[in-house]
Amino acid sequence: MTLIHIVLFRFKSDVTQEHKDTFVRELKKLKNLSCVKDNRLVVGGPSVTDPIERSKGFEFALVSYHENRAALDEYQASPEHHWVTSTYMFPFKEDLCRFDFEVSPEDEYMCDFGSLITGKVGGIATPPN
């Protein structure tokens with residue numbers, strides 16, 4: 001099973017770009033936690049959504065993969081996660097949106113990136129038989 005964790009971040013208007021850059025740099029280090037499945041944690045931003053209004057003002061997004069709910073709970077409770085969020089995010093956030101979900105069994109093959117690489121046919125990933 002794979003659990004996907006998505007977070008959207010919006011900072012207060014007076015937060016500097018330097019602060020945001022530091023937040024992103026420190027957030028990316030969380031991929032090294034053992035509870036992040038195969039180091040699959042991606043942070044991106046700013047939004048390139050067109051029209052930009054559809055982004056609802058969110059500036060950055062995090063997507064991470066976890067083996068199960070226990071692994072996500074471990075990630076959330078880790079001292080490293082607590083340090084990054086309490087130092088760089090919570091005191092400076094205007095808004096945050098979190099959405100976690102379990103990948104359905106028929107889509108699980110898409111979360112096994114090693115299989116995706118070896119299971120490509122004509123550049124297209126194929127589901128297992």
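Structure's up top.
These figures come from a predicted structure and were not determined experimentally.

**Student:** Would you take a moment to explain unusual backbone geometry for this structure?
**Tutor:** The bulk of non-glycine residues show a negative phi, and the bulk of peptide bonds are trans. Note that the residue after G45, namely P46, is joined by a cis bond; omega there is 0°. Within the secondary structure, P46 sits in the loop between β2 (41-44) and β3 (60-66). Note the cis peptide between D50 and P51, where omega equals 0°. Relative to the helices and strands, P51 resides in the loop between β2 and β3. The backbone of D38 shows a phi angle near 50°, a positive value even though the residue is not glycine. In this fold, D38 is placed in the loop between α1 (17-28) and β2. D38 gets classed as exposed once you look at its relative accessible area, which sits at 54%. Even without being a glycine, N39 presents a positive backbone phi close to 60°. Looking at the secondary structure, you find N39 in the loop between α1 and β2.

What counts as what
- Residues numbered from 1 in each chain as written.
- Predicted model: local features only at pLDDT ≥ 70, side-chain atom pairs only at ≥ 80, totals over all residues.
- Heavy atoms only, no water.
- Helix = DSSP H or I, 4+ residues; strand = E, 2+ residues; numbered from the N terminus.
- Buried < 20%, exposed > 50% of the residue type's maximum accessible area, 1.4 Å probe, protein only.

By themselves, these figures tell us nothing about what the structure is for.
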